[in-house]
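Summary of structural features
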Amino acid sequence: MAKAYDKLMRCYRSVKKKVKFQPKVALILGSGLGDYVKQVKVEAALDYSDIEGFPVSTVPGHKGRFVFGHVKGIPVVIMQGRVHYYEGYDMADVVLPVRLMKMMGAQVLFLTNAAGGVNENFHAGELMLIKDQISSFVPSPLIGPNMDKLGVRFPDMSEIYDKKLRALIKKTAKKLGIPLQKGVYLQLTGPAYESPAEIRMCRMLGADAVGMSTACEAVAANHMGMGICGISFISNLACGMTDQPLSHKEVQEAAERVAPLFERLVTESIAAIGKSLTEKE
Ligand code: HPA
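Residues numbered from 1 in each chain as written. Predicted model: local features only at pLDDT ≥ 70, side-chain atom pairs only at ≥ 80, totals over all residues. Heavy atoms only, no water.

1. Regarding the packing of helix H4 (residues 163-176) against helix H7 (residues 248-280)
Axis separation between H4 and H7 bottoms out at 9 Å; the angle between their running directions is 130°. When the interaxial angle is binned, H4 and H7 end up oblique. Pair H4 / H7 crosses with right-handed handedness. Within the contact between the two elements, H4 uses Leu165, Leu168, Ile169, Thr172, Ala173, Lys175 and Leu176 and H7 uses Arg264, Leu265, Glu268, Ser269, Ala272, Ile273 and Ser276. (Axes fitted to C-alpha atoms, helices over the stretch in contact; angles between N-to-C directions. Helix = DSSP H or I, 4+ residues; strand = E, 2+ residues; numbered from the N terminus. Parallel < 35°, antiparallel > 145°, perpendicular 65-115°, else oblique. Left-handed = near helix turned anticlockwise from the far one by under 90°. Contact = heavy atoms within 4.5 Å.)

2. Points about unusual backbone geometry
A cis amide bond links glycine 190 with the next residue in sequence, proline 191, at an omega value of 0°. Even without a glycine there, the phi angle at lysine 72 is positive, about 50°. Note that lysine 72 resides in the loop between strand E3 (65-71) and strand E4 (74-80). Looking at lysine 72, the relative accessible area reads 52%, which means it is exposed. Even without glycine at this site, threonine 214 takes up a positive phi of about 70°. Checked against the element boundaries, threonine 214 lands in the loop between strand E8 (209-211) and helix H6 (215-223). Relative accessible area serves as the criterion here: at 0%, threonine 214 is assigned to the buried category. (Buried < 20%, exposed > 50% of the residue type's maximum accessible area, 1.4 Å probe, protein only.)

The analysis is restricted to geometry; functional conclusions fall outside its scope.
Printed below as a string of structure tokens:
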């Protein structure tokens, strides 16, 4: 089969040799949520650089690792540091960690990110449950020979973000008294933030939030038949909606301010998701 599949299998064998943990839920942490692992009962951790064949970052100071542990008794694998397309990786490498987490045993992928608010009714600091996405501006991670062992050539994308998982998260947010917007996430390549004209385009296309990750990961996960859910933290209103220029520092600081609330929602949602998975077994 394709080289990308061989690479994936090499990484998988390397992980299996080092870690015996079997997760049920895979969680990807977005900007500002890196400290989430402090709340997790950590069983093991594995630096990406210790996985044979794993795409190595070209960005100085970039580090990342898988953390294995329990959130409210649910076995999870957490990506602390994701791989972005704008760093220069091929799309197959960007989604390799997602594929690996599925192969480790994760049935559900929980995506988080920081995003710019495009919807005029949104405010900076809010959380948005992702109900659908637009990934048409980045190459599909499924381009190339199909990995038949993972999924079909032409996968259906009519419900990328699982309705039942969305309902569980909505219910959890309500229980915790955390306001939750709902909307469509649009992925652009970055790394530049958008221009005001690009944001008007995103809005015309039906986007509520814009960012530089997530949608490609969801496409790869959907191809493999994972249950997917995602929450965006609206760190700022997108370019042109206020008269302030954007900076990564501002995005990170905003994310860190809202992190405690976001973390509570993630923890309680994982507990509810884990319970629903157990009931299905
Ligand atoms: N645009 C793109 N990505 C982002 C933004 C934004 O405004 N905020 C946080 N991530």
